[in-house]
Amino acid sequence: MSKIELLRCNKCFKYTLKHECDICSSKTESPKPAKYSPHDPYGKWRLKYKTSFKGNEI
Ligand SMILES: [Zn+2]
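A few points on the structure. Only a predicted model underlies this, so the values are computations on that prediction, with no experimental measurement involved.

## Here's the deal with the overall build of the protein chain
Across its full length, the protein chain carries one helix and three strands. Going from the N terminus to the C terminus, the protein chain shows its helices and strands as β-β-β-α. Counting only residues that meet the buried cut, the protein chain has 3% of its 58 residues in that class. Considering only contacts in the protein chain between residues 6 or more positions apart, those separated by 24 or more positions represent 5%.

This is how it looks when you write it as structure tokens:
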């Protein structure tokens, strides 16, 4: 009850503390730490993807 959890909208990827997104009203989820693992093959893919869109970062 006292713990503040950072949540994220799966649609617009905005971080919020609410359980509903301010923008699209979708349910938000807490981002999973495993996604940031350097051993995650999808992380590698995302890096490549991000690189190909340089200058388009948030
Ligand atoms: Zn949203």
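## Overview of the sheet that holds strand β3 (residues 28-29)
Spatially, three strands are ordered β2-β1-β3 in an open sheet, and the strand pairing comes out antiparallel. Strands at the two margins of the open sheet, each flanked by one partner only, are β2 (15-16) and β3. When strand β1 (residues 7-9) meets β3, the two strands line up antiparallel, connected through two bridges. Each residue of the ladder has a partner; that of Arg8, found in β3, is Glu29.

## As for unusual backbone geometry
The phi torsion at Phe13 lies on the positive side, around 60°, for a residue other than glycine. On the basis of neighbour count, Phe13 is assigned to the exposed category, with 10 C-beta atoms found within 10 Å.

## A word on the environment of Thr16
Secondary-structure assignment places Thr16 in strand β2. Classification of Thr16 as partly exposed rests on a count of 14 C-beta atoms within 10 Å. Taking C-alpha positions, Thr16 is 8.8 Å from Glu5, a pair spaced eleven residues apart along the chain. In contact with Thr16, not counting residues within four places along its chain, are Leu7, Cys9, Cys21, Asp22 and Thr28.

Calculation criteria
- Residues numbered from 1 in each chain as written.
- Predicted model: local features only at pLDDT ≥ 70, side-chain atom pairs only at ≥ 80, totals over all residues.
- Helix = DSSP H or I, 4+ residues; strand = E, 2+ residues; numbered from the N terminus.
- Buried ≥ 20, exposed ≤ 12 C-beta atoms within 10 Å, placed from the backbone.
- Contact = placed C-beta atoms within 7 Å.
- Pairing = 2+ DSSP bridges.

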